[in-house]
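Here are the chains, one letter per residue:
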Amino acid sequence: MSNNNQNPLEKVLESLLTPYKERVLDVSKIVTAMLNEGIINDENDIVNDHIAFRTLGIENLGIASLEKIFLHYGYKKKDFYHFENKKLNAYWYAPPSEKYPRIFISELRVWDLSKDVQEIIYKYTKSIVSDPIDALNLDNVDDISAFLTNPLWRLPSLENYTTLLNESEYAAWVIYNRYYLNHYTISVHGLPNGYNTIEDFNAFIEGIGITLNTAGGKIKTSSDGLLKQSSTVAKMIKAEFSDNKKMDIAGSYVEFAERKLLPNSPTSLKDKTDNKYRRDGFETSNADKIFESTYTEQTILK
């Protein structure tokens, strides 16, 4: 719940997380199970490693637009990632304080898609003739919250949605869900023994009946072995399209991350959680498979 002591960034983040948690029922299921198991004493004990957004890489939208909000609130732009097969680019952003989550923003390389799919995307976004972020008062939390939770373009028809889905599941997800929060991430390495590795936490998650993304294996591991990630399969939502047709489509999901201590970290910190001694950033190969948490090949496993 919000309170008057929250600073503007905290209010922006809450405005994203509140509807996300209401829509992604796995969140409450996981939190309740963690409380019942004594893993945490309060939901606020959970550390949110990062949150992620999907965008369309076209003029006035995409990373260059959305990042302005978070740069305004003190986030620092970090590494670039490219996903050749999925036709995506991405950056991550370091928070102004460790108490805030990292931000991961990806964008679809629309210009790399077929002409038919590009035409569908431009049909829905052609009315956006200037960067909508530039019209916001970035110091006004209500303006930002409204922007991030309200649609920038009209609902697609089912036919258009399925055309996108057949070529780019990412494109279909964005055209329907817009800037809706794609996922948040539970940091596991600071949890009690028995739950503080991805292997142990995955066992706990599956034990409460939640399906994990199996793309590339349930555990996605960076080349240096220091970043391990897993995720749930996206929650299916009942979507209604502009032509009044309905279809169950992929919504959002929950991710889990374990950041191991760096090789040069002081021995005295081996059992501690000081993040400056832990693997930071992301890994292209990991993220590539995490994206598939919303893909049909995974959601049919739900």
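So, here is what we can say about the structure in this document. (Residues numbered from 1 in each chain as written. Predicted model: local features only at pLDDT ≥ 70, side-chain atom pairs only at ≥ 80, totals over all residues. Heavy atoms only, no water.)

Bringing helix 2 (residues 25-36) into the picture now. Its 12 residues give helix 2 an end-to-end C-alpha distance of 17 Å, which sits within 8% of 16 Å, the value for a rise of 1.5 Å per residue. Turning to helix 2, its buried residues are Asp 26, Val 27, Ile 30, Val 31, Ala 33 and Met 34. Relative to the axis of helix 2, the buried residues are bounded by an arc of 165 degrees and lie together on one face. The inward-facing, buried residues of helix 2 abut helix 1 (8-23), strand 5 (183-187), helix 8 (198-207) and strand 10 (253-259). Just downstream of helix 2 lies Gly 38, where phi reads positive at about 75 degrees. (Helix = DSSP H or I, 4+ residues; strand = E, 2+ residues; numbered from the N terminus. Expected span 1.5 Å × (residues − 1). Buried < 20%, exposed > 50% of the residue type's maximum accessible area, 1.4 Å probe, protein only. Arc of directions from axis to C-beta. Contact = heavy atoms within 4.5 Å.)

So, about the pattern of salt bridges. For the structure on display, the rule yields 19 salt bridges. Of the charged contacts in the structure, one is a salt bridge between Asp 134 and Lys 68, with a shortest N-O distance of 2.8 Å. In this pair, Asp 134 is assigned in the loop between helix 4 (115-125) and helix 5 (141-149) and Lys 68 in helix 3 (residues 62-72), connecting sequence segments 66 residues apart. The salt bridge partner of Glu 292 is Lys 289, with a shortest N-O separation of 3.8 Å. By relative accessible area, which is 14% here, Glu 292 ends up buried. Under the relative-accessibility criterion, Lys 289 is labelled partly exposed at 28%. Here the residues in one salt-bridge network are Asp 49, Arg 102, Arg 259 and Asp 280, joined through shared partners. (Salt bridge = Lys/Arg side-chain N within 4 Å of Asp/Glu carboxyl O.)

What follows concerns unusual backbone geometry. Backbone geometry places Lys 87, a non-glycine residue, at a positive phi of 60 degrees. Within the element layout of this structure, Lys 87 appears in the loop between strand 2 (76-83) and strand 3 (88-94). One non-glycine residue, Arg 178, lies in positive phi territory at about 55 degrees. Tracing the sequence through the fold places Arg 178 in the loop between helix 7 (169-177) and strand 5. By relative accessible area, which is 13% here, Arg 178 ends up buried.

Following both chains from N to C, one finds helix 1 and helix 5 inclined at 25 degrees, their axes separated by 9 Å at the closest point. Judged by the angle between their axes, helix 1 and helix 5 are roughly parallel. Crossing hand, helix 1 versus helix 5: right-handed. On helix 5, the residues touching Pro 8, Lys 11, Val 12, Ser 15, Leu 16 and Pro 19 of helix 1 are Val 141, Ile 144, Ser 145, Leu 148 and Thr 149. Along the lines of polarity and charge, the residues of the contact of helix 1 with helix 5 split into 7 nonpolar, 3 polar and 1 charged. (Axes fitted to C-alpha atoms, helices over the stretch in contact; angles between N-to-C directions. Parallel < 35°, antiparallel > 145°, perpendicular 65-115°, else oblique. Left-handed = near helix turned anticlockwise from the far one by under 90°. Nonpolar A, V, L, I, M, F, W, Y, C, P; charged D, E, K, R; others polar.)

Turning next to the sheet that holds strand 4 (residues 102-108). With respect to topology, 8 strands assemble into an open sheet ordered 2-3-4-1-5-10-7-6, the strand pairing being mixed. The two strands at the open ends of the sheet, each matched to only one other strand, are strand 2 and strand 6 (220-221). Looking at chain direction, strand 6 and strand 7 (residues 227-231) are connected through 2 bridges and run antiparallel. Across the sheet, residue Thr 221 finds its bridge partner in strand 7, namely Lys 228. Of the strands in this sheet, strand 1 (48-56), strand 2, strand 3 and strand 4 touch helix 3, which is tilted by about 165 degrees from strand 4. (Pairing = 2+ DSSP bridges.)

Next up on the list: the packing of aromatic side chains. Tallying each qualifying case throughout the model produces 16 aromatic pairs. Ring centres 6.0 Å apart and planes at 35 degrees place the aromatic pair Tyr 81 and Phe 104 in the tilted group. With Tyr 81 in strand 2 and Phe 104 in strand 4, this residue pair connects regions lying 23 residues apart in the sequence. Among the residues examined, Tyr 81 registers a relative accessible area of 7% and is labelled buried. (Phe/Tyr/Trp six-rings, centres within 6.5 Å; stacked < 30°, edge-to-face > 60°.)

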